[in-house]
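# Survey of secondary and tertiary structure
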Amino acid sequence: MQYFSTNNHNIKVRFKDAVIHGLAPDKGLYFPEEIPQLPQSFFDTIENLSDTEIAYTVLQPFIGDEIPEYALKEIINQTLTFDFPVVKITEDLYSLELFHGPTLAFKDVGARFMSRCLGYFNRNSNENVTVLVATSGDTGGAVANGFLGVKGVKVVILYPSKRVSEIQEKQLTTLGGNIFALEVTDTFDTCQAMVKKAFLDSSLQKYNLTSANSINVARWLPQMIYYFVAYKKLKKLQQKVVISCPSGNFGNICAGLLAYKMGLPIEQFIAATNANNTVPRFLETEEYLPSQTVATLSNAMDVSNPSNFVRILELFHQNVPELKSVFSSYSYNDLQTKKAIQELYSQYDYVADPHGAVGYLGTQKATIPNSVKVFLETAHPIKFKDTVEQVIGKELPLPDDISGIIDKEKKSIVIENYEELKESLALIYR
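What you are looking at is a predicted structure, and each value in this text was computed from that prediction instead of being measured.

## Considering the domain arrangement of the protein chain
- With domains assigned, the protein chain is organised as domain 1 (83–104 + 219–392) and domain 2 (128–207 + 397–429).
- Taking only C-alpha atoms, the centre of domain 1 and the centre of domain 2 are 25 Å apart.
- In this complex, domain 1 contributes 21 residues to the contact, which on the side of domain 2 involves 24 residues.
- Between domain 1 and domain 2 lies a buried interface of about 1700 Å² when both sides are counted; carbon and sulfur atoms form 48% of it.

## A word on the layout of surface pockets
- Estimated volume of the largest pocket: approximately 450 Å³.
- In terms of lining, the largest pocket is formed by 23 residues, of which the most central are I20, H21, Q205, N208 and L209.
- Secondary structure elements with two or more residues in the lining of the largest pocket: α1 (15–21), α5 (107–121) and α8 (188–199).
- No other element matches the three residues that α1 contributes to the lining of the largest pocket.
- A class-by-class count of the residues in the lining of the largest pocket yields 13 nonpolar, seven polar and three charged.
- Considered as a void within the structure, the second largest pocket measures approximately 360 Å³ in volume.

## Thoughts on the sheet that holds strand β7 (residues 153–160)
- With respect to topology, five strands assemble into an open sheet ordered β9-β6-β7-β8-β14, the strand pairing being parallel. With one partner strand each, in any of the chains shown, β9 (209–210) and β14 (413–415) form the two edges of the open sheet.
- Pairing geometry for strand β8 (residues 179–184) and β14, over three bridges, is parallel. Within β14, the position partnered with V184 by the bridge is I415.
- Relative to strand β6 (residues 129–134), α8 is tilted by about 150°, and along the sheet it contacts β6, β7, β8, β9 and β14.

## Some thoughts on the state of the cysteines
- What the rule picks out here adds up to zero disulfides.
- You can see C117 has no disulfide; the closest cysteine sulfur is in C254, sitting 18 Å from it.
- Assessed through its relative accessible area of 0%, C117 is described here as buried.
- No disulfide involves C254; its sulfur sits 10 Å from that of C245, the nearest cysteine.
- By relative accessible area, which is 0% here, C254 ends up buried.

## Focus on the packing of aromatic side chains
- According to the stated counting rule, one finds 21 aromatic pairs in the structure shown.
- Ring centres of F82 and F84 lie 5.9 Å apart, and the angle between their planes is 85°; on these two criteria the pair is classed as edge-to-face.
- Three or more aromatic residues joined by ring pairs make a cluster, and in this case those are Y3, F15, Y120 and F121.
- Geometry around F316 places K261 over its ring, the cationic atom sitting 4.4 Å from the centre.

Rules used in this analysis
Residues numbered from 1 in each chain as written. Predicted model: local features only at pLDDT ≥ 70, side-chain atom pairs only at ≥ 80, totals over all residues. Heavy atoms only, no water. Domains from an automatic or database assignment. Contact = heavy atoms within 4.5 Å. Buried area = accessible area lost by both parts, 1.4 Å probe. 1 Å grid on protein atoms, 1.4 Å probe; cavity = no way out; pocket = protein on both sides within 12 Å on 5 of 7 lines; lining within 4 Å. Points joined across faces, edges and corners; volume = space filled by probe spheres on them. Helix = DSSP H or I, 4+ residues; strand = E, 2+ residues; numbered from the N terminus. Nonpolar A, V, L, I, M, F, W, Y, C, P; charged D, E, K, R; others polar. Pairing = 2+ DSSP bridges. Axes fitted to C-alpha atoms, helices over the stretch in contact; angles between N-to-C directions. Disulfide = S-S within 2.5 Å. Buried < 20%, exposed > 50% of the residue type's maximum accessible area, 1.4 Å probe, protein only. Phe/Tyr/Trp six-rings, centres within 6.5 Å; stacked < 30°, edge-to-face > 60°. Lys NZ or Arg CZ within 6 Å of the ring centre and 35° of its normal.

And the structure:
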């Protein structure tokens, strides 16, 4: 399998190079040259397969012989050490809980898979690789945990100051070791822009930079697993399935649409956003016009220029009417988000975090009759403790993984601009 740049289809690399370099030299995202088609027999018997067997079947064609079967299966086994429960809310409404990993966020799967792929590729090298990543909330903690202690890898995480929750910040600033946190005095979009600029800066080549954002194919591709596992668990209902995914950088829902293109029988995908509504506006006007990033309660989705939307357009060959036949997107504000948290708790005794609540709101836009609606609950409510407790009027117990870090000392380097990022990298490697 080769991967081309979304900016120039003539720029092609293999999976290993796409993982190691993260971004194409022309600033494009890497995209698979072919979309493998899964046989109908796979879906006919999917309920008989384990999650790891499903993951291997789905991911192996994208990797080919770059990682041998025994090593890929071991990487998958080490990645999928927790479940993705499908929780019944009503007869036709379910929550797909993706927060049962070590950092209580859906990004644990991608971070763990990518760290192990990079560890495999780096196994015989004495050179350091620098994972440079921007986070709007959960990516940082997941990447920090996934790469902690990985031989030959230093992780540098950029996050927007005062725009992540306390728990999210502690998860990425308290580990030490090979993990370094840079606190940027601006928005996530600024963090992401710095990361992209760094990849194209020849003076930084000595650090062997790669990314662990969903722009990296090894972070993006394994997110397909959620959708196949959800389908396996819901298949017995013998109903059509609609997925509503809370969306910020659009990597998660893009992975779902890739699964759909491989043959997964999902009828409709809904990208539910917060006030950062670039994609909902695009679907109305077909003009892509990012605006100023707005800070919201669902901070991991505070992205006004989502990187992965270009991959979604690529999946549908830039054919917007075809895309709109299966994909829609809607925006919700903080007041609506709070009302959704309250509604889920008071009516169904279900505690959702702000991102899951936005996903729940998206299910109300489903247009497929007699379907099962599934919203993705992407983070544990405890990560947004103050907001959720205020809305539902109940104190949330701290999980063991969180109580172990909440009193640890935060360690970060505050930076304002790209030059200070470069200075920080030099300091880290001194």
